[in-house]
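Understanding the architecture of this molecule
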Amino acid sequence: MKSYTIFQKSDDETVNNFLSWMRNQERGVYRAALRELGALKKLRPQFMQQKPVEEQFAWIKKMLTWKPAETIADHLLQVWLIRKHEGMLISFIEMLGIEHNGHGVVDVLPETLDADKLKAAVDALFEKYPAGAVSVYLHMFQNQTEEGWPELQAILDSDERVTIR
């Protein structure tokens, strides 16, 4: 699932929590995204920056569901996952036995995933972290290779805890 589709299918609470965190913790990234999204519609940055936060969030969500904004959506989701949910990323890849740099960044992805380890890792993530964040991460992880992994796709398609379909 592409990042813009994740935003299309995400519930408002998950997106608002995501944007609130970005605005408060990664202000520079949030402002750059607002500026870049505005540029896609030929809007001056001040136009959106002067809007109330609720209007900014609604507009950003709408824009991130648009295919031309896919690169911006990818970047925002990556920043959010790496900086806010580093522990979740590390837990997942360690449970799968994938080597990383200590911060959840992987240089070499496996060609296949062990189905039993994957199921155990997914179960552990849903027990410990919010379902919306886990769902986003699992979809983004699936996007790390061109074809993804059939074992993970089966979970994304069938596990009721995955809130993004």
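To start, this report covers the structure provided alongside it. (Residues numbered from 1 in each chain as written. Predicted model: local features only at pLDDT ≥ 70, side-chain atom pairs only at ≥ 80, totals over all residues. Heavy atoms only, no water.)

Quick look at the environment of tyrosine 129 now. If you trace the backbone, tyrosine 129 turns up in the loop between helix H8 (115–128) and helix H9 (131–142). Along the primary structure tyrosine 129 and histidine 85 are separated by 44 residues, whereas in three dimensions their C-alpha atoms are 9.0 Å apart. Those residues within four positions of tyrosine 129 in sequence are excluded, and the remaining contacts are Gly87, Met88, Ser91 and Val134. (Helix = DSSP H or I, 4+ residues; strand = E, 2+ residues; numbered from the N terminus. Contact = heavy atoms within 4.5 Å.)

Moving on, we come to the pattern of salt bridges. Once the charged atoms of two side chains with opposite charge are near each other, the side chains can pair. Within the structure shown, the criterion is met by six salt bridges. A salt bridge links glutamate 55 to lysine 51; the nearest nitrogen and oxygen atoms lie 4.0 Å apart. On the basis of relative accessibility, which here comes to 41%, the residue glutamate 55 falls in the partly exposed class. The class for lysine 51 is partly exposed, based on a relative accessible area of 27%. The partner of aspartate 159 in a salt bridge is arginine 161, and the shortest N-O contact between them spans 2.7 Å. Several salt bridges share partner residues, and in doing so they unite Lys119, Asp123, Asp159 and Arg161 into one network. (Salt bridge = Lys/Arg side-chain N within 4 Å of Asp/Glu carboxyl O. Buried < 20%, exposed > 50% of the residue type's maximum accessible area, 1.4 Å probe, protein only.)

With that out of the way, let us pick up the nonpolar core. Of all hydrophobic cores here, the largest spans 52 residues; its most connected members are Met22, Trp80, Met88, Phe92, Tyr137, Leu138 and Phe141. Setting aside residues no more than four positions away along its own chain, methionine 22 makes contact with Arg27, Val29, Tyr30, Leu76, Val79 and Trp80. (Core = buried A, V, L, I, M, F, W, Y, C linked by side-chain atoms within 4.5 Å.)

What follows deals with the packing of H8 against helix H10 (residues 150–158). At their nearest, the axes of H8 and H10 sit 10 Å apart, and the two run at 40° to each other. In terms of orientation, H8 lies oblique with respect to H10. You can see that H8 and H10 cross each other, and the crossing is right-handed. The segment H8 lies against H10, with Ala115, Leu118, Lys119 and Val122 engaging Glu151, Leu152 and Ile155. Its residues assigned to classes, the contact of H8 with H10 comprises five nonpolar, no polar and two charged. (Axes fitted to C-alpha atoms, helices over the stretch in contact; angles between N-to-C directions. Parallel < 35°, antiparallel > 145°, perpendicular 65-115°, else oblique. Left-handed = near helix turned anticlockwise from the far one by under 90°. Nonpolar A, V, L, I, M, F, W, Y, C, P; charged D, E, K, R; others polar.)

Let us look at the side chain of glutamate 70. Positionally, glutamate 70 belongs in helix H6 (residues 70–84). It is lysine 2 that comes nearest to the buried, bridge-free glutamate 70 among opposite-charge side chains, at 4.1 Å. With sequence-adjacent residues up to four places away left out, glutamate 70 is seen in contact with Lys2, Ser3 and Tyr4. (Lys, Arg positive; Asp, Glu negative; His and termini not counted.)

Think of an α-helix as turning once every 3.6 residues; residues three or four places apart then point the same way. Within the span of helix H7 (residues 86–95), buried status applies to Met88, Leu89, Ile90, Phe92 and Ile93. Buried positions along H7 lie against H6, H8 and H9. Remark: glycine 97 follows H7 within two positions and exhibits a positive phi of approximately 80°.

Under the criterion given, the structure shown has seven aromatic pairs. For the pair phenylalanine 92 and phenylalanine 141, a centre-to-centre distance of 5.2 Å together with 85° between the ring planes defines the contact as edge-to-face. With phenylalanine 92 in helix H7 and phenylalanine 141 in helix H9, this residue pair connects regions lying 49 residues apart in the sequence. Taken together, a centroid distance of 5.0 Å and an interplanar angle of 15° make the contact between phenylalanine 141 and tryptophan 149 stacked. Accessibility expressed as a relative area gives 5% for phenylalanine 141, which makes it buried. On the basis of relative accessible area, tryptophan 149 is assigned to the buried category, the value being 1%. In this structure an aromatic cluster arises from ring pairing among Phe92, Tyr137, Phe141 and Trp149. (Phe/Tyr/Trp six-rings, centres within 6.5 Å; stacked < 30°, edge-to-face > 60°.)

Geometric descriptors of this kind do not, in isolation, establish any biological role.
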